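Coordinate inspection notes
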Amino acid sequence: MPFIEDVLTCKSLSIVGLEKNTGKTECLNYVLGRIKETGKHVALTSIGIDGERRDLVTNTHKPEIRIYNGMIFVSAEKHYLQRRVTSEILEVSEVHTAMGRLVTARALGTGKVLLSGPPDTHNLKVLIAGMRHFNTDLTIVDGAVSRLSLASPAVTEGMVLATGAAVSANIPELVRKTRFVVDLINLPEVETAVRQKLEEIDAGIYAIDKDGGVHDLNIRSVFMLENEKERIFSKGSRLFVAGATSDNLFSFLRMQKNAADIELIVKDFTRIFATPEAYFSFIRKGGKVKVVSKTRLLAVCINPLSPQGYRLSSDDLGAAMQQELQMPVYDVKKLKQCN
Amino acid sequence: MQLKTALSEISGLRYMVDRLGIQSSLARHILLSTPFITGRSELQVLLDQVAEGVSALQNEEKKAVLQKAAIRLSQVKDIRGTVKNIQQGLTLNDIELFEVKSFALISEDIRELLGPEPFTGISIPCLNSVLDILDPEKARIPTFYINGRFDPALDLLRRELNKIEIRLQNGDDAGLQRTADGLRGEVDAIEDRVRQRLSEQLMPLADDISGAIAAIAATDILMAKAAQAISENLVMPDTSAEVTAYKGLFHPQLKASLEQQNKRYQPVDIRIENGTTLITGANMAGKTVLLKTLALSQTMCQYGFFVPASAAGIALVDQVMFSITDEQSELSGLSSYAAEMLKVNRIIRQARKKRPLLILIDELARTTNPAEGRAIVAAVAGFLNNCNAKAVITTHYGGLQVGCRKLRVKGFVEDVEDKPVTVHNIGDYIDYSLIEDDGSTVPQEALRIARILGVDEEIIDEAAGRLKQAGETNQ
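As the structure is a prediction and not an experimental result, all values here were calculated from the model.

Another point: the overall build of chain A. A count of helical and extended segments in chain A gives 11 helices and 18 strands. A compact globule built from 339 residues would reach a C-alpha radius of gyration of about 20 Å, and chain A, at 21 Å, matches this within 12%. When each of the 339 residues of chain A is scored for burial, the buried share is 45%. Taking the contacts inside chain A whose residues are at least 6 apart along the sequence as the reference set, 76% of them involve residues at least 24 apart.

Quick look at the structure:
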């Protein structure tokens, strides 16, 4: 039973797709099906809206999320009412989403649900922590690496990344793109003392001094950096950017005299929206990047089928990916067939 | 006017409301929509409840009960929308049925905790019949789904459906899927019938549920008010008074802020009879704070709070109307004089109707020339003296020929000449208490205070010289 043992060592797990149609839902259904057999108590939620019966963008078939007797799931009101499973409501939270309040329920049989979840990282953390009231062993978050989602899946202990032909139909290109995201997920965490100070900061740009002191630079956005050059590095070369980081930021940092000494700290890997080119040009100059919350990447799942119907060779893709990433890579569809 | 509107108008009111330890957002919503109460008996009921709450909190046994109740109160959700749906005969969905059931469970718990004759004086309607409808197996667990107790056919159908769903796990099968969809349709139809039936059964109980919501919120509010009355040293006002009179009146927010800076706060005694009371006093003598405190206390009283004083008799009014300096008039595009006069005119218009009002005007006509300013103050004070209102007007103008009450803030303590008075400790040398005065002269301490504030010596000396000259000329 590949990687399920690793999953069971975590209290929380996110399953994220590199892009739409990379087989994330299949991967989630596989994990849920396997965990059911272990008798562990699982809670399930999502960030953003997912589990739609048809993919709204490409109108391709998307498997729904299948849940089993006893599993706890969290979904917004509108999606809860569309469930196709018998379930009892345990709690209705006061957290509002575009789809209504969040409903926590327990499945009383096997069936399918549409998942949606907390609108931001703070509420996602609260939700994961609150699941212990329902005696769960593991909370699984159906996540997305998406700019549209304000909640970050990186707050979970472990992560499974789904990638596939939907990202690129060219194997080396697909491997390269996946490698970039895997590198970001594996970015090192800042030291605990600084991390604790940065965890609750959600906006702004800060200088970190030699002793780990945090100084608000009062710069509203990374677009204003150009005009504030002399202030930015007045406390040293460590910089914390709480929001999104773009190509502009990395190009700007690369061009500074002290580029080799700069250490950029971001909330988590999902806040890096730069292209590999901009990112690596900074790294090549000797720059370093660290994160405040780091998650453990447990496995990479591949989906060789693209939404346009193009099919890559599962074996070739798997081999190339494993060679490059040096970590377990699985084709979930094939795992299913083996069983 | 609702409390939420008053919050932005009455200085120090938001501070009090924000610091109330209200448990549920339902109670907070209801509190914020409380009307300004002008009926004495209606207000007395509220104040008596707070008094009961205060004595309960001072009794160890009852306090323990209230603390338990507070935990349940914090779990209350606002289900007023759902109750409206019941009243309109709509069919509730599972989430709404869950809400009604969990509310009824909490409400019943609180009702039992407080006993058959709750010392709060607020009786909570019994919702057992609601629970009998939504919890037929009497498990009294806060979860909900349409189970077999509501319709025995459900259990069998669901078992069948589940068997098929389990088979479907292992791969798609169009035939099986069709059977599953058919069964799911049957289950859905039964569930819909049950929801409709439950909603119909709840309809005659909607008023009880509404009553329980109101009573639960009222209990929450009164406990918060009582706890605050104790922590902030508030007192129950006597609302039967004809004359408003305070002993030890204070402004809680200002007091807290001064105490934080280790500074002294001096409460004051004041009587306000019908008609006009003119108050004079040096700058920094606390006249503006006094008016704000009067507005705050009157408002708190008429929203059913205890008031910040050691003793208080409060004559109820229809409305508190005021013109107090630090309001922003720049935005309206009017000069400060024009804005003030329009505001005073609105006050006059209401006073002319002989309505009982509390009118508070800070330094009337201060921004125009003293000759005309003095005349305006005399005219307004004279007019308001003969209305059914209690008007308090502060002024720096002396020698006003108006037949109304006049008070003066004592001001500077006399024997401070040799002590180093600075802008930081000046408060320690001011006596904020009020004394009856004939109003013939006004305290002239503007230059002294300017000197303490460290204003340019040359200017002060020049002004002092001119003042002396003018005095000699007059004589």
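Right, let's talk about the domain arrangement of chain A for a bit. All names here are of chain A. The assigned domain composition of chain A is domain 1 (4–185 + 294–338) and domain 2 (192–291). For domain 1 versus domain 2, the separation of C-alpha centres amounts to 30 Å. Facing the eight residues of domain 1 at the interface are eight residues of domain 2. Looking at the side of domain 1 that touches domain 2, its residues break down into five nonpolar, one polar and two charged.

Residues and elements named next belong to chain A. Ordered in space as E13-E12-E14-E15-E16, the five strands form an open sheet in which the pairing is mixed. Bordering the open sheet on either side are strand E13 (214–216) and strand E16 (288–291), each of which pairs with just one other strand. The mean angle between the axes of side-by-side strands here comes to 30°, regardless of whether they run parallel or antiparallel. Of the strand pairs in this sheet, strand E14 (residues 238–241) and strand E15 (residues 263–266) are connected by four bridges, and their pairing is parallel. Among the inter-strand pairings, Val-241 is bridged to a residue of E15, identified as Val-266.

What follows is about the confidence of the model for chain A. All names here are of chain A. For chain A, per-residue confidence averages 87 on the pLDDT scale, and residues scoring 70 or more make up 92% of the total. At the level of individual helices and strands, chain A shows its lowest average pLDDT in strand E3 (residues 49–50), which scores 50, and its highest in E16, which scores 96. Segment residues 50–62 is flagged for pLDDT under 50; beyond a separation of four residues in sequence, or across chains, it makes 24 contacts in the model.

Basis of the calculations
- Residues numbered from 1 in each chain as written.
- Chains lettered and ligands numbered in written order.
- Predicted model: local features only at pLDDT ≥ 70, side-chain atom pairs only at ≥ 80, totals over all residues.
- Helix = DSSP H or I, 4+ residues; strand = E, 2+ residues; numbered from the N terminus.
- Rg over C-alpha atoms; globule rule 2.2 N^0.38 Å.
- Buried ≥ 20, exposed ≤ 12 C-beta atoms within 10 Å, placed from the backbone.
- Contact = placed C-beta atoms within 7 Å.
- Domains from an automatic or database assignment.
- Nonpolar A, V, L, I, M, F, W, Y, C, P; charged D, E, K, R; others polar.
- Pairing = 2+ DSSP bridges.
- Axes fitted to C-alpha atoms, helices over the stretch in contact; angles between N-to-C directions.
- pLDDT = per-residue confidence, 0-100.

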